[in-house]
Amino acid sequence: MQPDTFDYVVVGAGAAGCVLASRLTERADTRVLLLEAGGSDRRSEVRIPAAFTKLFKTACDWNYETVPQPALAGRRLYWPRGRMLGGSTSLNAQMYVPGHPADYDAWAAAGAKGWSHAEVRPYFRRAESAGTLSIELPRDPNPTTRAFVEAARACGLPAVTGRNDGGREGVGLTSVTQRRGRRWSAADAYLRPALRRRNL
Ligand SMILES: Cc1cc2nc3c(=O)[nH]c(=O)nc-3n(C[C@H](O)[C@H](O)[C@H](O)COP(=O)(O)OP(=O)(O)OC[C@H]3O[C@@H](n4cnc5c(N)ncnc54)[C@H](O)[C@@H]3O)c2cc1C
């Protein structure tokens, strides 16, 4: 086998790329090249959950703009996307909220075979239970966030806390992809454990 010959070339080390590179290299005889346009994610603004907006319009951001929006008087909107290891999972807001069951079921009804909620749910469960993803409740929510949740509950809205993959209506804190209060990106969850493999 040539050292520069690969079975798969994965372009982009974001959410999808990190998972793919990790899964594909579980087989020791499969050689994978993972290409990332951006650089390192070793920055405090990546680790500190509330600091991600400091990464906007830096070298860690593709700094996109939308086309002019007719419904916004022709304005273009700033559209951040991560450009570093972890991709946008290194600068996103870390909220872990599986889609509403009705959305998946609507996709399946529209012809997306295998995408009903009952069919995708085991994959969420697998990702959540493999010990790679880290999902927590926010450690230190803003006091106004807590006050909002309490006020909504006092008005009679049901309590829904955490990942809420049943799509129940209610109010509560959402889960976040963090570990011990720090961001836990796709690079942390999937890429770093796989990097020790010689076939990646
Ligand atoms: C500001 C912000 C907040 C968000 N908040 C949340 C949230 O709270 N909860 C949530 O679930 N989702 C959130 N998201 C969305 C979530 O992060 C994305 O849906 C997810 O990361 C998309 O995964 P991806 O693999 O498609 O792309 P990305 O994770 O963006 O990865 C793409 C990677 O490909 C690289 N790349 C692109 N072109 C090339 C090239 N030509 N060659 C090599 N590499 C290339 C990029 O640099 C990047 O690293 C947020 C996104 C943003 C931008």
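Residues numbered from 1 in each chain as written. Predicted model: local features only at pLDDT ≥ 70, side-chain atom pairs only at ≥ 80, totals over all residues. Heavy atoms only, no water.

**Student:** Pulling in residues and values, what's your account of the packing of helix H3 (residues 101-109) against helix H4 (residues 117-129)?
**Tutor:** The description of two packed helices rests on the angle between their axes and on the distance between the axes. It is the contact of H3 with H4, at a shortest axis distance of 9 Å, that shows an interaxial angle of 125 degrees. When the axes of H3 and H4 are compared, the pair comes out oblique. Where H3 approaches H4, its residues Pro101, Tyr104 and Asp105 are matched on the opposing element by His117, Val120 and Phe124. Along the lines of polarity and charge, the residues of the contact of H3 with H4 split into four nonpolar, one polar and one charged. (Axes fitted to C-alpha atoms, helices over the stretch in contact; angles between N-to-C directions. Helix = DSSP H or I, 4+ residues; strand = E, 2+ residues; numbered from the N terminus. Parallel < 35°, antiparallel > 145°, perpendicular 65-115°, else oblique. Contact = heavy atoms within 4.5 Å. Nonpolar A, V, L, I, M, F, W, Y, C, P; charged D, E, K, R; others polar.)

**Student:** Describe the pattern of salt bridges, naming the residues involved and giving the relevant values.
**Tutor:** Following the criterion strictly, the structure yields eight salt bridges and no others. Notably, a salt bridge pairs arginine 27 with aspartate 29, separated by 2.8 Å at the nearest N-O pair. A salt bridge links arginine 43 to glutamate 45, with the nearest nitrogen and oxygen atoms 3.5 Å apart. The partly exposed category is assigned to glutamate 45, whose relative accessible area is 22%. Linked by salt bridges that have partners in common, Asp41, Arg47, Asp188 and Arg192 make up one network. (Salt bridge = Lys/Arg side-chain N within 4 Å of Asp/Glu carboxyl O. Buried < 20%, exposed > 50% of the residue type's maximum accessible area, 1.4 Å probe, protein only.)

**Student:** I'd like to hear about the side chain of serine 185, residue by residue, with values.
**Tutor:** Counting through the fold element by element, serine 185 comes out in the loop between strand S8 (182-183) and helix H6 (186-194). Its relative accessible area of 2% is what places serine 185 among the buried residues. Ignoring any residue separated from it by four or fewer positions in sequence, one finds serine 185 in contact with Asp41, Thr89 and Ser90.

**Student:** A description of the pairing of strand S2 (residues 32-35) should follow, citing residues and the corresponding values.
**Tutor:** Residues of S2 alternate between two faces, with Val32 and Leu34 buried on one and Leu33 and Leu35 left unburied on the opposite face. Sheet topology places strand S1 (residues 8-11) next to S2; four bridges connect them, and they run parallel. When the sheet's bridge partners are listed, valine 11 is paired in S2 with leucine 35. Once the chain exits S1 it traverses helix H1 (residues 15-24) before rejoining the sheet at S2, and the crossover so formed is right-handed. (Pairing = 2+ DSSP bridges. Right-handed = clockwise from strand over helix to strand, strands pointing away.)

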